[in-house]
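# Summary of structural features
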Amino acid sequence: WFILYILSELIIFISLFLAKYITLSSKINYGLIFIDYYSLPLLNALILISSGCLMNETYNSNKSKLIYKSHIENNKEIILLLIIIFMSIQYFEFCSNINSLSDGIVSDLFYSITSLHFIHMLGGTLFILWNIFSDLLINSNLKNISIITTAMNLHFLDIMYLFILLFIYQLN
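One numbering rule holds for all chains: residues counted from 1, following each sequence as written. Predicted model: local features are reported for residues with pLDDT of at least 70 only, side-chain atom pairs are reported and counted for 80 or more only, and whole-chain, interface and lining totals are derived from all residues. To obtain the side-chain values, all non-hydrogen atoms of the structure were included, while hydrogens and water were left out.

### Focus on the overall build of the protein chain
Keep this limit in mind: Numbering goes from the N terminus for both helices and strands, where a helix is a DSSP run of H or I of at least four residues and a strand is a run of E of at least two.
A count of helices and strands for the protein chain gives five helices and zero strands. Moving toward the C terminus, one meets the helices and strands of the protein chain in the order α-α-α-α-α.

Listed below in structure tokens is the structure:
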């Protein structure tokens, strides 16, 4: 089921990216103003890459069983904090954006893609919370599967945000 979930996310993101590309390839000037690429979006990319690296370290630590359980728990809590910081910055970016949904198709696609990513990051937050609470309740056999699916989801969302950064922020 999880693979189907990732594939459905991929199909939705590809279709939105293609719609944005086709719309921007026309010769019409839409007059949209986007946030500077080197400010909040780049900071968010660094935060997501940091959380992805920490998620890999958490998975490898859990797999090797040589690291203390408290170290793995601390990593999960830091990942959760990084994701919450990311979502807070992205929310601030939405609120401070000059464009609105009524500005046209390009603005609609911008908000659709970034909002979809935001919602999936919220799902990633719930995955991390599940991992933190499952350590208290569930035996070790299911923990590894939970960490793997969470890591796959977060890495997929990291890659999607890098595409958002490249194709939406920088190319505009």
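### Describing the side chain of N44
Threshold: Relative accessibility decides the category of a residue: with a 1.4 Å probe and only protein chains considered, values under 20% of the type maximum give buried, values over 50% give exposed, and everything between is partly exposed. Pairs of residues are marked as contacts when any of their non-hydrogen atoms sit within 4.5 Å.
Position of N44 relative to the elements: it lies in helix α2 (residues 40–64). Among the residues examined, N44 registers a relative accessible area of 0% and is labelled buried. Look past the residues within four positions of N44 in its chain and what remains in contact with it is F86, I89, Q90, E93 and Y161.

### As for the confidence of the model for the protein chain
Rule in force here: The quantity called pLDDT is the predictor's confidence in a given residue, expressed from 0 to 100.
Summing up the model confidence of the protein chain, the mean pLDDT is 76 and the portion of residues at 70 or higher is 74%. Per-element mean pLDDT across the protein chain ranges from 74 in helix α1 (residues 2–25) up to 84 in helix α3 (residues 69–96).

### A few points about the environment of C53
Turning to its location among the elements, C53 is positioned in helix α2. By relative accessible area, which is 51% here, C53 ends up exposed. C-alpha of C53 to C-alpha of H155: the two residues are 102 residues apart in sequence and 9.1 Å apart in space.

### Observations concerning the environment of Q90
Topologically, Q90 is positioned in helix α3. By relative accessible area, which is 0% here, Q90 ends up buried. Along the chain, Q90 and L40 lie 50 residues apart, while their C-alpha atoms are 7.8 Å from each other. In this structure, Q90 is in contact with N44, T114, H117, F118 and Y161, ignoring residues within four places of it in sequence.

### Looking at a nonpolar patch on the surface
We apply this condition: Patch building starts from residues that exceed 30% relative accessible area and form no salt bridge, then joins like charges within 9 Å and nonpolar side chains (Val, Leu, Ile, Met, Phe, Trp, Tyr) within 5 Å. The Shrake-Rupley method, run with a 1.4 Å probe, gives the accessible areas here. Residue values count only the displayed protein chains as cover. One side-chain nitrogen of Lys or Arg within 4 Å of one carboxyl oxygen of Asp or Glu is enough to make a salt bridge.
On the surface, a nonpolar cluster with roughly 670 Å² of combined accessible area is contributed by I3, L4, L7, L10, I14, L18, I148 and M152. Tallying contributions element by element places α1 first for the nonpolar patch, with six residues. Looking at where I3 falls in the secondary structure, it is placed in helix α1. Accessibility expressed as a relative area gives 51% for I3, which makes it exposed.

### Here we look at the nonpolar core
Here is the rule: Put simply, a nonpolar core is a bunch of buried Ala, Val, Leu, Ile, Met, Phe, Trp, Tyr and Cys residues held in one set by side-chain atoms that sit within 4.5 Å of each other.
By size, the foremost hydrophobic cluster in this structure holds 37 residues, and its most contacted members are F13, M121 and I128. At the level of secondary structure, the elements contributing two or more residues to this core comprise α1, α2, α3, α4 (105–137) and α5 (140–170). Element by element, the count of residues in this core is highest for α5, at ten residues. If we ignore the near neighbours within four places in the chain, the residues touching M121 are L48, I83, F86, M87, L154 and L157.

### Some details on the environment of S15
Position of S15 relative to the elements: it lies in helix α1. The exposure class assigned to S15 is partly exposed, which follows from its relative accessible area of 41%. C-alpha of S15 to C-alpha of I113: the two residues are 98 residues apart in sequence and 9.9 Å apart in space.

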